[in-house]
Amino acid sequence: MTVDHEMIAEDASHGDRVTPTDEVSTATMVGYAVAGIAVVGWFLFGWLVQRQGFIDSVGEAAGTAFALLLVVSVIGTVRRSRR
């Protein structure tokens, strides 16, 4: 199933309310970029500086990334519930 402008127009003609998506702010995009760079840096630090091993460093970086995603999810839920 694909979403295209024809399907959105059909839904709107049936009386369904179509809301535009909120744009992502520049600060949010910068935050995501910084978090991504930090996760890659954490991987490289564990692999090259601490000499942990490639798989251990990937696992640690993945765990850090999932923890960051959880934090972003919780913050987004709290902010959305306030509206």
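Look a little higher up for the structure.
Okay, so let's go over this structure. Treat the numbers as computed from the prediction; the structure is a model and nothing was measured.

About the thresholds
Residues numbered from 1 in each chain as written. Predicted model: local features only at pLDDT ≥ 70, side-chain atom pairs only at ≥ 80, totals over all residues. Heavy atoms only, no water. Helix = DSSP H or I, 4+ residues; strand = E, 2+ residues; numbered from the N terminus. Polar contact = N/O pair within 3.5 Å; in protein donor to acceptor, adjacent residues only side chain to side chain. Contact = heavy atoms within 4.5 Å. Expected span 1.5 Å × (residues − 1). Buried < 20%, exposed > 50% of the residue type's maximum accessible area, 1.4 Å probe, protein only. 1 Å grid on protein atoms, 1.4 Å probe; cavity = no way out; pocket = protein on both sides within 12 Å on 5 of 7 lines; lining within 4 Å. Points joined across faces, edges and corners; volume = space filled by probe spheres on them. Nonpolar A, V, L, I, M, F, W, Y, C, P; charged D, E, K, R; others polar.

Looking at the element boundaries, Ser57 is found in helix 3 (residues 54-82). Within the structure, Ser57 has its side chain in polar contact with the backbone oxygen of Gly53 (distance 3.0 Å). Dropping the residues within four chain positions of it, Ser57 is found in contact with Phe43, Gly46, Trp47 and Gln52.

Attention now moves to helix 2 (residues 26-49). For helix 2, built from 24 residues, the straight-helix expectation of 34 Å at 1.5 Å per residue is met to within 8% by its first-to-last C-alpha distance of 33 Å. When helix 2 is considered as a whole, its buried residues turn out to be Val39, Phe43 and Gly46. Lining the buried residues of helix 2 we find helix 3. Trailing helix 2 by a residue or two, Arg51 shows a phi angle of about 55°, which is positive.

A few words now on the layout of surface pockets. Quantified by volume, the largest pocket comes out at close to 510 Å³. Lining the largest pocket we find Asp22, Glu23, Val24, Ser25, Thr28, Tyr32, Val72, Ile75, Gly76, Arg79, Arg80 and Arg83. Among the elements that line the lining of the largest pocket, the one with the most residues is helix 3, at five residues. Its residues placed into classes, the lining of the largest pocket shows four nonpolar, three polar and five charged. Quantified by volume, the second largest pocket comes out at close to 160 Å³.

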